[in-house]
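# Geometric and topological summary
Below are the chains, spelled out letter by letter.
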Amino acid sequence: MPRLAVACSWERSAWLNCGREGGETVAAAAVPVAASRAGRKRVTSRAELEHVAFDLFDRQGFERTTVDDIARAAGIGRRTFFRYFPSKNDVPWGSFETELERMRLHLKALPPQMPLMEAIRVAIVDFNTFAPEQIPWHRRRMRLILQTPALQAHSTLRYAAWRQVIGEFVGERIGQCPDALAPRTLGYVALGVAVAAYEQWLEADDADLSDLMDSAMRQLAGAFGGGLASADSGAADAKDALSA
Amino acid sequence: MADAGNTAATEQDLPQQAGPGRPPSTTRRHLQDIAIEMFSTQGYDEVTIEALAAAAGISRRTFFRYFSSKADALMADFDEDVERLRAVLAGGNPDLPLMDAIRTAVVEVNDYHADDLDRLRQRLLLQHSNPALLANGILHYEEWQAVVAEFAAGRLGRQPGDLLPQVIARSVFGAAYAGFMSWLADERGDLSPRLDDALRAIPGAFQAQPVAASRRGPPAGL
């Protein structure tokens, strides 16, 4: 399934492949003493560094974990850490920017005759589809992002970037500026729906994220009058409930 | 806007507490005015609860009768809106379709007057200039969404935590917040029509025709 392979590149972002990995190895070689003292292999990729950080966040809490703690546990220097992430707050977000750009291109490439809200649903479901082996990490990532008060303010910047992608797409489709009321509103609405799906997903260990995301977007369609075929289960379900 | 120099009321000036229960909202609002003024001029991080309380002529202990934190002092109007929203939804016409009931309630509750709009603008600006205030605001927004989810769940015969009530609550809040942000960006006109437009934009988007189709000229052959 090539789509999945692309989707999970959130973990292995393009910028790891532009010479930074090499730079990391050289830089890390400068701190072999710390690495061997820590008794574990020093990390050589962004994903590995992220996993080491997630373990520390789980053990001692996000706020009490410092960049130095993460670097030490990863067997790398502080400066090397900053080659991978600009700040501790950026660690849970992984390669979000890269994935966001992919969603922007995906929306652009969808057929123009596809109804607006259906296009948004398709793009959001794709954006939130991960390979099975990525799912446990993604749960930890989203738990951090949605449930760490100290991250909220930082996250608003990322949310704004996400909404902007939706807003630009809506604006283009309906012939308005991205910051006009309707495109802006649809950005906030889509984000709200995605957060609703994520909250359900984090509550249920066996839930499928893509399915939930799809249902949530279809229920939005049902609740607001329906732009999707009534045969769509989520929309029909919501419509039935709303007319009851 | 209250002048900080004139707000050093004595404790006797404030409405007396009548035992436990919700303190009078006028006092909360008075403290909110002082908080907005002090946070704006001195910076949120520089203002202590002691200083806030002193400016209002009350003790730190009394401050905590009204708000549980310094950041909460900014949210008095919003907290009141949450309770009004709950009341308006509960008292609305049960024959009104669910989404119309929610839209009209949100618009009604946000019928801010000029003075209130000034406070609203200052609150939003403060929140966007300070991470702690923003994070605290988000907690209060959760309450607002919980009110909508409870109402929707009641109408739908579901639990407030179910997906559909949550989708409704979060999308309605998203639209309303977009209305606030849009109003804040240009400050033209009243807030409530903007919220109405934002909430109507959601069903509108489901009807949207691609621009390419509508821009197409008359059919060939004419």
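Residues numbered from 1 in each chain as written. Chains lettered and ligands numbered in written order. Predicted model: local features only at pLDDT ≥ 70, side-chain atom pairs only at ≥ 80, totals over all residues. Heavy atoms only, no water.

Our next topic: the interface of chain B and chain A. Each side of the interface is counted separately: chain B has 41 residues, and chain A has 39 residues. Between chain B and chain A the total buried area reaches about 3200 Å² when both faces are included, carbon and sulfur atoms providing 74% of it. Taken together, the links from chain B to chain A amount to 1 salt bridge. Across the salt bridge formed by Glu199 of chain A and Arg170 of chain B, the nearest N and O atoms sit 2.9 Å from each other. Secondary structure elements with two or more residues in the side of chain B that touches chain A: helix 5 (98-109), helix 7 (131-156), helix 8 (163-186), helix 9 (191-207) and helix 10 (211-215) of chain B. A per-element tally of the side of chain B that touches chain A places helix 8 of chain B first, with 16 residues. Tallied by class, residues from the side of chain B that touches chain A come to 27 nonpolar, 8 polar and 6 charged. (Contact = heavy atoms within 4.5 Å. Buried area = accessible area lost by both parts, 1.4 Å probe. Salt bridge = Lys/Arg side-chain N within 4 Å of Asp/Glu carboxyl O. Helix = DSSP H or I, 4+ residues; strand = E, 2+ residues; numbered from the N terminus. Nonpolar A, V, L, I, M, F, W, Y, C, P; charged D, E, K, R; others polar.)

A separate point is helix 5 (residues 67-74) of chain A. All names here are of chain A. Taken across its 8 residues, helix 5 has 6 buried, putting it largely inside the fold. Within the span of helix 5, buried status applies to Val67, Asp69, Ile70, Ala71, Ala73 and Ala74. Buried positions along helix 5 lie against helix 4 (46-60) and helix 6 (78-84). Looking at the residues trailing helix 5, positive phi occurs at Gly75, about 70°. (Buried < 20%, exposed > 50% of the residue type's maximum accessible area, 1.4 Å probe, protein only.)

Residue and element names in this part refer to chain B. Among the structural elements, Ala169 can be located in helix 8. The exposure class assigned to Ala169 is buried, which follows from its relative accessible area of 1%. Between the C-alpha atom of Ala169 and that of Trp144, which follows or precedes it by 25 residues, the distance is 8.5 Å. Setting aside anything within four residues of it in sequence, one finds Ala169 in contact with Gln145, Val148 and Ala149.

Take the nonpolar core next. In this structure, Ile120, Trp162 and Leu220 of chain A together with Ile102, Trp144 and Ile168 of chain B are the most contacted members of the largest nonpolar core, which totals 101 residues. If sequence neighbours within four positions are ignored, Ile102 of chain B has contacts with Leu89, Val148, Phe151, Ile168 and Val172 of chain B. (Core = buried A, V, L, I, M, F, W, Y, C linked by side-chain atoms within 4.5 Å.)

This part takes up the pattern of salt bridges. All names here are of chain B. Using the criterion set out here, one finds 29 salt bridges over all chains in the structure. Between Asp100 and Arg103 there is a salt bridge; the shortest N-O distance is 3.3 Å. Residue Asp100 and its partner Arg103 are both found in helix 5; the two are separated by 3 residues, about one turn of the helix. Exposure remark for Asp100: the relative accessible area of 30% places this residue in the partly exposed category.

Attention shifts here to the confidence of the model for chain B. All names here are of chain B. Residue-level pLDDT values for chain B average 86, and 83% of them are 70 or greater. Low pLDDT (under 50) marks residues 1-22, which in the prediction has 40 contacts with non-local residues, meaning those over four places away or in another chain. This model gives residues 214-222 a pLDDT under 50, and the stretch forms 1 contact once residues within four places in sequence are excluded. For this predicted complex, the interface confidence score (ipTM) comes to 0.83, while the overall pTM stands at 0.81. (pLDDT = per-residue confidence, 0-100.)

Residue and element names in this part refer to chain A. Tallied over the entire structure, the rule returns 18 aromatic pairs over all chains. Between Phe96 and Phe127, the aromatic rings sit 6.0 Å apart at their centres with planes inclined by 85°, giving edge-to-face as the arrangement. Here Phe127 lies in helix 8 (residues 116-127) and Phe96 lies in helix 7 (residues 96-109), a separation of 31 residues in the sequence. Take Phe96: its relative accessible area is 3%, and that puts it in the buried class. (Phe/Tyr/Trp six-rings, centres within 6.5 Å; stacked < 30°, edge-to-face > 60°.)

Residue and element names in this part refer to chain A. Interaxial distance between helix 7 and helix 10 (residues 152-174) falls to 10 Å at its minimum, and their mutual angle equals 10°. The orientation of helix 7 relative to helix 10 falls into the category roughly parallel. Between helix 7, through Phe96, Glu97, Leu100, Met103, Arg104 and Leu107, and helix 10, the contact on the second element is made entirely by Arg158, Ala161, Trp162, Val165, Ile166, Glu168 and Phe169. Taken together, the residues that form the contact of helix 7 with helix 10 break down as 9 nonpolar, no polar and 4 charged. (Axes fitted to C-alpha atoms, helices over the stretch in contact; angles between N-to-C directions. Parallel < 35°, antiparallel > 145°, perpendicular 65-115°, else oblique.)

As a further point, take the confidence of the model for chain A. Residue and element names in this part refer to chain A. For chain A, the average pLDDT comes to 81, and 75% of its residues sit at 70 or higher. Ignoring residues within four places in sequence, the model shows residues 1-38, a span with pLDDT below 50, making 64 contacts including any to other chains. This model gives residues 226-233 a pLDDT under 50, and the stretch forms 13 contacts once residues within four places in sequence are excluded.

This paragraph deals with helix 8 of chain A. For helix 8 of chain A, built from 12 residues, the straight-helix expectation of 16 Å at 1.5 Å per residue is met to within 8% by its first-to-last C-alpha distance of 17 Å. Counting buried positions along helix 8 of chain A yields 10 of 12 residues, so the element is predominantly enclosed. (Expected span 1.5 Å × (residues − 1).)

So, about the side chain of Asp90 of chain A. Within the element layout of this structure, Asp90 of chain A appears in the loop between helix 6 and helix 7. Within the structure, the side chain of Asp90 of chain A is placed 3.2 Å from the side chain of His154 of chain A, a separation counted as a polar contact. (Polar contact = N/O pair within 3.5 Å; in protein donor to acceptor, adjacent residues only side chain to side chain.)

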